[in-house]
Amino acid sequence: MASGIAVDLRQITKKFGTFTAVDNISLHIQEGEFFSLLGPSGCGKTTTLRMIAGFELPTSGEIYLHGDPVGQLPPFKRDVNTVFQNYALFPHLTVAQNVAFGLQMKQVSASEIERRVREALEMVRLPDVADRRPRQLSGGMKQRVALARALVNRPKVLLLDEPLGALDLKLRKAMQFELKQIQQQVGITFVYVTHDQEEALTMSDRIAVMNRGLVQQVGNPRTIYEHPQNRFVADFIGETNFVEGKVAQKGEVTTIQVGQETLQGTADGRDLQAGQTVFLAIRPEKINIYPQGQLALQKMDYVNRDALAKLFNGRELPETIDVGHYLAAETDQSIVRGTIEDAVYIGTDTRYRVTLEAGAEVIARVQNFGDRYDIPLKSGDPVYVHWAPENAQLLTE
Ligand code: ATP
């Protein structure tokens with residue numbers, strides 16, 4: 001596997017008049033990497049891609065492709081190809097002619113063109129439609145032809161601007177999987193623009209999350225999801241609860257004061273000051289909720305029997321326990337009380353809106369497997385709310 005830097009953006013800024021579309025960004029994209037630019041509409045991702053392609057020139061900064069500065073090189077002199085959302089196929093040409101077009105322009109021999117077109121169509125798993133016209137193809141097939149047309153040139157870098165945006169959800173998901181496979185097979189660097197966070201998480205080796213022309217965070221999907229650097233990233237990628245409080249005690253587990261309550265989280269390497277205002281960011285699926293009161297132990301799948309036996313120190317286990325007391329004894333993690341505002345069943349899980357005693361409201365998503373609770377939790381029920389501190393990031397901005 002190659003290991004150099006394929007695309008190097010050094011302090012790139014792009015202004016349109018007085019408006020700054022891309023604001024001093026630096027990105028180092030590795031050879032063979034599937035790298036996504038992710039962000040909401042207007043954040044500057046397409047402009048960034050167009051600068052790599054050479055359709056736009058940076059106002060300041062320099063772009064390097066495989067170590068060489070591209071300066072003002074026009075698009076056709078750069079070793080990159082772009083795949084657009086709208087396919088841009090020639091309607092009057094067959095699939096094979098569409099794919100061959102670029103090679104004919106470069107005056108490659110007829111036999112080589114034939115071989116490479118066949119190879120490219122096989123690569124995108126479309127060997128049987130070479131003689132059809134674009135209008136005889138489905139959206140997914142057209143996008144594959146567009147991809148074959150780019151791959152046939154054997155670019156070192158492929159730039160893709162929301163290539164799956166026009167496809168329906170199911171086809172898009174299938175194509176995400178295939179695109180990733182094709183990318184791994186050909187080993188070409190992909191720079192992929194999308195506003196769809198799930199798409200970026202599914203396909204990318206690394207993601208740059210952008211907002212208002214700035215890069216907010218660069219990292220692999222797990223890092224971006226589990227360790228967001230700020231509220232924008234935490235909120236844009238998936239769903240997140242934010243609870244505002246003031247830093248109380250610092251340490252491996254940091255506590256914050258919210259009203260009368262103390263909640264636990266992790267500073268994740270951030271240098272926090274006591275008294276500083278922070279936001280506790282917790283994913284809904286990382287929050288556990290348990291019913292309050294004495295309940296039948298037999299039905300509590302979520303209680304660890306070994307830990308419980310240890311807790312009771314050889315004595316016979318009771319028929320009913322209060323989970324909050326058990327959890328408080330078993331771990332040193334904080335358990336807080338709350339009340340269910342509403343519970344919505346959404347198939348794979350149930351989504352509970354819970355008000356904590358401190359007043360903050362959080363969403364908890366609990367997977368539906370069997371009868372999770374011996375009584376179904378409903379609006380108005382008092383509950384215990386618990387999360388592992390390492391799953392609660394303390395963010396400052
Ligand atoms: P989308 O997903 O909607 O395409 P994007 O993140 O790709 O969004 P860009 O297309 O890069 O965003 O645009 C970034 C900002 O720059 C937008 O506010 C846009 O209106 C502006 N912009 C882009 N191209 C031009 C241009 N040629 N002239 C003036 N403003 C432009």
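Structural data are supplied above this passage.
What you see is a predicted model; the values in this text were computed from it and never measured.

A. The arrangement of the sheet that holds strand β13 (residues 261–265) in detail. An order of β13-β12-β11-β14-β22 is seen for the five strands of this open sheet, with the pairing classed as antiparallel. In the strand order of this sheet, the two ends are held by β13 and β22 (392–395), each with one partner. Neighbour-to-neighbour, the strand axes of this sheet turn through a mean angle of 45 degrees, independent of strand direction. The pairing of strand β11 (residues 241–249) with strand β14 (residues 277–282) spans six bridges and is antiparallel. In the strand pairing of β14, Gly245 is matched with Val278.

B. Examining the side chain of Thr94 more closely. Following the sequence through the fold, Thr94 ends up in the loop between β6 (80–83) and α2 (95–105). Overall, the relative accessible area of 11% leaves Thr94 in the buried class. Once residues lying within four places of it in the same chain are set aside, the contact partners of Thr94 are Ala130, Asp131, Arg132 and Arg133.

C. Main features of α2. Every buried residue of α2 is listed here: Val95, Asn98, Val99, Ala100 and Leu103. Tucked into the core, α2 has its buried residues touching α3 (110–123) and α4 (139–151). Gln107, located one to two residues past α2, shows a positive phi value of around 55 degrees.

D. Spatial organisation of the site of the ligand. Taken together, the residues surrounding the ligand are Phe16, Phe19, Ala21, Pro40, Ser41, Gly42, Cys43, Gly44, Lys45, Thr46, Thr47 and Glu162. With respect to the ligand, the backbone of Cys43 contributes an N or O atom lying 3.0 Å from an oxygen atom. One of the backbone nitrogen or oxygen atoms of Gly44 is found 3.0 Å away from an oxygen atom of the ligand. Burial of the ligand by the protein chains amounts to 58% of its free accessible area of 630 Å². If you list the elements that add at least two residues to the shell around the ligand, you get β2 (19–30) and α1 (45–53). Ranked by residue count, the leading element in the shell around the ligand is α1, at three residues. Partitioned by chemical class, the residues of the shell around the ligand number five nonpolar, five polar and two charged.

E. Region of interest: the pattern of salt bridges. Going through the model one piece at a time under the given rule, you end up with 23 salt bridges. Put simply, Glu199 and Arg172 hold a salt bridge, and the shortest N to O gap is 3.7 Å. With Glu199 in helix α6 (residues 197–203) and Arg172 in helix α5 (residues 169–186), this residue pair connects regions lying 27 residues apart in the sequence. The exposure class of Glu199 is buried, given its relative accessible area of 4%. Residue class for Arg172 comes out buried when judged on its relative accessible area of 19%.

Calculation notes
Residues numbered from 1 in each chain as written. Predicted model: local features only at pLDDT ≥ 70, side-chain atom pairs only at ≥ 80, totals over all residues. Heavy atoms only, no water. Pairing = 2+ DSSP bridges. Helix = DSSP H or I, 4+ residues; strand = E, 2+ residues; numbered from the N terminus. Axes fitted to C-alpha atoms, helices over the stretch in contact; angles between N-to-C directions. Buried < 20%, exposed > 50% of the residue type's maximum accessible area, 1.4 Å probe, protein only. Contact = heavy atoms within 4.5 Å. Near = heavy atom within 4 Å. Polar contact = N/O pair within 3.5 Å; in protein donor to acceptor, adjacent residues only side chain to side chain. Areas by Shrake-Rupley, 256 points an atom, 1.4 Å probe, with all protein chains shown as cover. Nonpolar A, V, L, I, M, F, W, Y, C, P; charged D, E, K, R; others polar. Salt bridge = Lys/Arg side-chain N within 4 Å of Asp/Glu carboxyl O.

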